[in-house]
Amino acid sequence: MAVPLTDLSEQHRTLLPELRDAFCEVVESGRLILGHYVERFEAQLAAYCGVKHAVGVSSGTDAIKASMLALDLQPGDEVIVSPFTYLHTAESILRAGGTPVFADIRPRTFNLDPDAVEAAITDKTRAIMAVHLYGLPCEMFALLEIAERHGLKVIEDADMAIGATYHGRQAGSLGHMATLSFYPTKTLAAAGDAGAVLTDDDALAQRLRSIRVHGLESGFVVRTPSGAFRMDPLQAALLSVKLPHVDQWVKRRRDLAKRYQQLFEPLAVTTPDSADDIRHAYNLYTLRVRGGGREPLRHHLDAMDIGNRVYYPRPLHLQPAYSHLGYERGTLPHAERACDEVLSIPMFTEMTKAQQDEVVNAVREYFAGD
Ligand SMILES: Cc1ncc(COP(=O)(O)O)c(C=O)c1O
């Protein structure tokens, strides 16, 4: 039986009558840019995440870009970020006029190592971008303490972490701003592109609302040229139908993750880190395969039609786009090693136990023949 890496078809079959009604309501209303449906979703999302403001935007990429523009970075200003993450992070720092500074990760969590962050701080550092990779929150208390001591902002990239919690608080409610993506592979998935920025700060929220519409302020004045980052009302209406299910979806993912962990215990793979007070949302379920075994395992899973993918095969500091920053191979060893060893395997809310058994059997078979 083929098992996809992720699959929304069952979720959409179940919710289809409500999604169809929501879609028709927006189309019939004629409110096709911002307005009621976006505002309603923003209020719902802010309440769910435990923040004052949610600003709906066009994607996770545009969310992080808007958050960087809101920082008013000046040439030479530095933002510290993990090199083991997607392209949108460092790219948004650069686009907003700043310089990304890469700090290494902790090998067990794949998230920023606070000691490496501290070591990377200079008198030009303005912010720390804390990416909650795969859905596991970063060590936020340590990062916030460092930020406070040095007068820095912390922006959480919670793109993969909706429904995750950190010491009882929702991921996305701890930093000065946070971003979410509703890309269709995310736990809360739009029918296309969508994202949001979260903040408790009234002034920042107002600024973000302006940035999402070219930086326009009242009186047709522009101080921060930005772009068109508006969330579509159609996406907002569909997401309003789905948001009330997120807790239950994350619980299901956590149950699946627990079962994976038990089933993988005898095998030579490292399963994701977890702790009682840092609740992983398992947007992705990512194994670490040491000793050069990742590529052969990938080929074996491909041959058996088991979905798998490497998030991410190349660290950002070794991308040609950032060669001008002067990082060399070997400078951020944990991130570099993770790129060679990680493998994400099927994880989605509606995955059945039979599908999960199929995945585990395929991995088991690979190690039996190894
Ligand atoms: C694979 C991938 N693509 C893209 C993004 C950025 O979000 P979006 O696709 O909504 O712009 C992320 C963020 O986590 C990501 O992991």
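Our structure's up above, just so we're on the same page.
These figures come from a predicted structure and were not determined experimentally.

Peer 1: Looking at this structure, how should I read the site of the ligand?
Peer 2: Taken together, Ser59, Gly60, Thr61, Tyr86, His88, Asp159, Met160, Ser181, Tyr183, Lys186, Tyr311 and Tyr312 are the residues near the ligand. In the model, an oxygen atom of the ligand is placed 2.7 Å from a nitrogen or oxygen of the Gly60 main chain. At a separation of 3.4 Å, an oxygen atom of the ligand approaches a polar side-chain atom of Asp159. The fraction of the free accessible surface of the ligand (380 Å²) that becomes covered by protein chains is 90%. Broken down by class, the residue content of the shell around the ligand amounts to five nonpolar, five polar and two charged.

Peer 1: Quick question: what am I supposed to make of the side chain of Ser58 here?
Peer 2: Structurally, Ser58 is set in the loop between β1 (53-57) and α3 (60-70). With residues near it in sequence (within four places) discarded, Ser58 still touches Asp193, Ala194, Gly195, Ala228, Phe229, Arg230 and Met231.

Peer 1: In this structure, what is going on with helix α10 (residues 294-303)? I would like to understand it.
Peer 2: Residue pairs spaced three or four apart in an α-helix point in one direction, given the helix's 3.6 residues per turn. Among the residues of α10, those classed as buried are Arg294, Leu297, His300 and Leu301. Along the axis of α10, the buried residues cluster in a sector spanning 125 degrees; they form a single face. Exposed residues lying more than 90 degrees from the buried face of α10 are His299 and Ala303.

Peer 1: Help me understand the environment of Pro296 in this model?
Peer 2: By the secondary structure assignment, Pro296 is in helix α10. By relative accessible area, Pro296 is classed as partly exposed at 35%. For the pair Pro296 and Tyr311, spaced 15 residues apart in the sequence, the C-alpha separation amounts to 17 Å.

Peer 1: Would you explain the sheet that holds strand β4 (residues 125-131) in this entry?
Peer 2: By definition, the strands of a sheet pair up through backbone hydrogen bonds, in either a parallel or an antiparallel sense. Ordered in space as β1-β9-β8-β5-β4-β2-β3, the seven strands form an open sheet in which the pairing is mixed. This sheet does not close on itself; its edge strands, each paired only once, are β1 and β3 (99-102). Direction aside, the axes of adjacent strands within the sheet are offset by 25 degrees on average. Where β4 and strand β5 (residues 153-157) come together, five bridges link them in parallel fashion. Within β5, the residue paired with Met129 across the bridge is Ile155. Of the strands in this sheet, β1, β8 (177-181) and β9 (195-199) touch helix α2 (residues 36-49), which is tilted by about 130 degrees from β1.

Peer 1: How should helix α7 (residues 202-211) be read in this particular structure?
Peer 2: All of the buried residues in α7 are Leu204, Ala205, Leu208, Ser210 and Ile211. On its buried side, α7 packs onto β1, α3, β8, β9 and β10 (216-217). Measuring from the side-chain oxygen of the N-cap residue of α7 to the backbone nitrogen of Ala203 gives 2.9 Å; that N-cap residue is Asp201.

Criteria and thresholds
- Residues numbered from 1 in each chain as written.
- Predicted model: local features only at pLDDT ≥ 70, side-chain atom pairs only at ≥ 80, totals over all residues.
- Heavy atoms only, no water.
- Near = heavy atom within 4 Å.
- Polar contact = N/O pair within 3.5 Å; in protein donor to acceptor, adjacent residues only side chain to side chain.
- Areas by Shrake-Rupley, 256 points an atom, 1.4 Å probe, with all protein chains shown as cover.
- Nonpolar A, V, L, I, M, F, W, Y, C, P; charged D, E, K, R; others polar.
- Helix = DSSP H or I, 4+ residues; strand = E, 2+ residues; numbered from the N terminus.
- Contact = heavy atoms within 4.5 Å.
- Buried < 20%, exposed > 50% of the residue type's maximum accessible area, 1.4 Å probe, protein only.
- Arc of directions from axis to C-beta.
- Pairing = 2+ DSSP bridges.
- Axes fitted to C-alpha atoms, helices over the stretch in contact; angles between N-to-C directions.

Don't take any of this as a statement about function, it's just geometry.
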